[in-house]
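So you can see what is in the structure, the chains are spelled out below.
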Amino acid sequence: MRMVVGLHGVSLVAKNDSGMLALKSWQLLGTEQGFQSIESALRQVFGSERLLELSFNSKLCALSSAASTLVPRRLFDPHNLEQYFKLLLRAGEERTYGYEKLEAFDCYLVWAAETSLTRLCGQYFPSENIHHLAASLLRAYHAMAPIDGYAVYANLRGQQVQVFVFERRNLVFFNTFNFAKPADLLYYILLAYKQFDLDPLVIPLTLSGTLEEDSDIFRLLLRYVRPMRFPPLPTGFQVPDGAKSIPAHYWFDLASV
């Protein structure tokens, strides 16, 4: 079983030896109020999903929180994780911190999430099985990044986007942005191109997540960034016929956990 949990939605996939048991998604309308704005809806999702009560050989939960950063190995201190967020987060809120080692990048991904959210996930997943979505995406994009030139990737969940830039498979940019309007999303993506003096009409943008081709966001991006493409799903992740109406790229982050 794999789950992705965040303020903008929940995704779940469960499989056994015979194949896929379930592939589900719930959209939530998270706001700047954080976990409080979706607590009731999220608890309803967890409480009504019977699959969470079953035993699996492997159960992982990936948190999709905006507060994450990369720390070089030589500067990493596992005993003082909050220091990496002093300039990023408001003081006074109760948070849980975690980290994951990223061997391919010689660094650690450090993340923070509201304690109420991690406590809820902890009722269904062991603490050692709760990770951060960005780590899964970093590994997935690194595996498909070209050995020559630049590659730009963006994953959307609701009104949150994570942007990644690789140069010859080396990670040179990663950030998470919340956006209210399509124009804001366009700005953040073009900002990554501008920072490395990349031509958005030459270097492709690979998009994944909750994005529909028949949407204002997609049409706006297509005016300024070409070519755009969607990543293939990992080998072995087969979308069942009942979910074929949803674009395959919608499940890319879940399939990468």
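So, here's what we can say about the structure. (Residues numbered from 1 in each chain as written. Predicted model: local features only at pLDDT ≥ 70, side-chain atom pairs only at ≥ 80, totals over all residues. Heavy atoms only, no water.)

### Here we look at the pairing of strand β4 (residues 60-64)
Step number 1: The element β4 is largely enclosed, with a buried count of 5 among its 5 residues.
Step number 2: Both faces of β4 are covered, namely the face carrying Leu60, Ala62 and Ser64 and the face carrying Cys61 and Leu63.
Step number 3: With 5 bridges joining them, strand β1 (residues 2-6) and β4 adopt parallel strand pairing. Among the inter-strand pairings, Gly6 is bridged to a residue of β4, identified as Ser64.
Step number 4: Looking at chain direction, β4 and strand β8 (residues 130-132) are connected through 3 bridges and run parallel. Opposite Leu63, over in β8, you have His132 as the bridge partner. (Buried < 20%, exposed > 50% of the residue type's maximum accessible area, 1.4 Å probe, protein only. Helix = DSSP H or I, 4+ residues; strand = E, 2+ residues; numbered from the N terminus. Pairing = 2+ DSSP bridges.)

### Quick word on the sheet that holds β4
Step number 1: Reading across the sheet, the 5 strands line up as β3-β2-β1-β4-β8 and stay open at both edges, with mixed pairing between neighbours. The open sheet has two free edges, formed respectively by β3 (19-27) and β8, since each of these has just one partner strand. Neighbouring strand axes in the sheet, compared pairwise and without regard to direction, differ in orientation by 20° on average.
Step number 2: For β1 and strand β2 (residues 9-16), the ladder comprises 5 bridges, and the chain directions are antiparallel. Each residue of the ladder has a partner; that of Val4, found in β2, is Ser11.
Step number 3: Contacts between helix α1 (residues 35-48) and the sheet are confined to β1, β2 and β3, with β1 contributing the most and set at about 165° to the helix.
Step number 4: Seen against the sheet, helix α2 (residues 115-122) touches β1, β4 and β8 and runs at an angle of roughly 165° to β4. (Axes fitted to C-alpha atoms, helices over the stretch in contact; angles between N-to-C directions. Contact = heavy atoms within 4.5 Å.)

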